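The residues making up each chain are set out below.
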Amino acid sequence: MDFFDRLGDRLIEVGREVSDRAKDVSDSTRMQYEIRKKKQELDDAYKVLGKRYFEENKDSADDEITLIRETLAEIEDMEAQVAGLKGGRRCPKCGAVVPMDSGYCNKCGAKLEESIFEDEDAKEPKSTEESKTSDETED
Ligand SMILES: [Zn+2]
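What counts and what doesn't
- Residues numbered from 1 in each chain as written.
- Predicted model: local features only at pLDDT ≥ 70, side-chain atom pairs only at ≥ 80, totals over all residues.
- Heavy atoms only, no water.
- Helix = DSSP H or I, 4+ residues; strand = E, 2+ residues; numbered from the N terminus.
- Buried < 20%, exposed > 50% of the residue type's maximum accessible area, 1.4 Å probe, protein only.
- Contact = heavy atoms within 4.5 Å.
- Areas by Shrake-Rupley, 256 points an atom, 1.4 Å probe, with all protein chains shown as cover.
- Expected span 1.5 Å × (residues − 1).
- Polar contact = N/O pair within 3.5 Å; in protein donor to acceptor, adjacent residues only side chain to side chain.
- Donors = N, O, S within 2.8 Å, 3.2 Å for Na, K, Ca; no water.
- Tetrahedral: all angles 85-135°; square planar, octahedral: opposite > 155°, others 65-115°.
- Salt bridge = Lys/Arg side-chain N within 4 Å of Asp/Glu carboxyl O.
- Core = buried A, V, L, I, M, F, W, Y, C linked by side-chain atoms within 4.5 Å.
- Patch = residues over 30% accessible without salt bridge, like charges linked within 9 Å, V, L, I, M, F, W, Y side chains within 5 Å.
- Lys, Arg positive; Asp, Glu negative; His and termini not counted.
- Charge placed at Lys NZ, Arg CZ, Asp CG, Glu CD.

Broken down by element type, the chain carries two helices and two strands. Counted from the first residue to the last, the chain has its helices and strands arranged as α-α-β-β. In the chain, which comprises 139 residues, the proportion classed as buried is 12%. For the chain, the proportion of contacts with a sequence separation of at least 24, taken over those separated by at least 6, is 6%. If you sum the accessible surface of the chain, you get close to 12,500 Å²; carbon and sulfur atoms cover 54% of it.

Structural data, given as structure tokens:
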């Protein structure tokens, strides 16, 4: 049984080394997590800063600003197409795409007149009120 005693001691020893190493590993894992978190915070701050810079330098010929400007225009265009497919419409005041059932522009707040519906000829005639017959039959 001497062998097993020694083996047992050795195992305890190894166990300690492993747990020490595990502690180091968990420390460095935690550090790496912290580093990632800090880098993410940094990225977020850069984004906010970049957006602010863009707002202040919209007309610059800078490559990135031009790219952002063009991309925004493309997105707006695509959104208009999608909204068109979904039955959206453009705000006459600011050009933003607004859902068909919205009474106000969600970008500039302009009231959207009924007349905007003019080009929509496939509009269903309102029949909800008319088709409803009087149920006031008292016996
Ligand atoms: Zn608008």
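And the narrative resumes.
Compared with an ideal rise of 1.5 Å per residue, which puts 23 residues at 33 Å, helix H2 (residues 63-85) spans 33 Å between its outermost C-alpha atoms and is within 8% of the ideal. Turning to H2, its buried residues number three or more, namely Ile-65, Ala-80 and Ala-83. On its buried side, H2 packs onto helix H1 (2-56), strand S1 (89-90) and strand S2 (97-98). Its side-chain oxygen 3.0 Å from the backbone nitrogen of Glu-64, Asp-62 forms the N-cap of H2.

Distances from the zinc ion to its protein donors, Cys-91 (SG), Cys-94 (SG), Cys-105 (SG) and Cys-108 (SG), fall within 2.3 Å. Every donor counted, the four donor atoms about the zinc ion form angles of 105 to 113° at the centre, which fits tetrahedral coordination. Taken in sequence order, the residues that donate to the zinc ion follow the motif C-x2-C-x10-C-x2-C. Pair noted here: Cys-91 is in the loop between S1 and S2 and Cys-108 is in the segment after S2, with a separation of 17 residues, a long-range link.

Turning our eyes to something else, we now look at the pattern of salt bridges. Tallied over the full model, the rule gives four salt bridges. Between Lys-23 and Asp-27 there is a salt bridge, with the nearest N and O atoms lying 3.5 Å from each other. Here the residue Lys-23 and the residue Asp-27 both occupy positions in helix H1, the gap between them amounting to four residues, near one helical turn. Across the pair Asp-27 and Arg-30 runs a salt bridge, and its minimum N-O distance is 3.4 Å. Pair noted here: Asp-27 and Arg-30 are both in helix H1, with a separation of three residues, about one helical turn.

Counting residues in each nonpolar core, the largest one holds six residues, listed as Cys-91, Ala-96, Val-98, Cys-105, Ala-110 and Leu-112. Ignoring sequence-local partners within four residues, the contact set of Leu-112 consists of Arg-89, Cys-91, Pro-92, Val-98, Ser-102, Gly-103, Tyr-104 and Cys-105.

Looking now at a nonpolar patch on the surface. Side chains of Phe-3, Phe-4, Leu-7 and Leu-11 sit close together on the surface and give an oily, nonpolar patch of about 430 Å² of accessible area. Inspection of the secondary structure assignment puts Leu-7 in helix H1.

A few words on a negative patch on the surface. A grouping of Glu-34, Glu-41, Asp-43 and Asp-44 is seen on the molecular surface, where their side chains present a negatively charged patch. Note that Asp-43 resides in helix H1.

Summarising the element assignment, Ser-102 is placed in the segment after S2. Looking at Ser-102, the relative accessible area reads 18%, which means it is buried. A distance of 2.6 Å separates the side chain of Ser-102 from the backbone oxygen of Tyr-104, its partner in a polar contact. Excluding anything up to four places from it in sequence, Ser-102 contacts Arg-89 and Leu-112.

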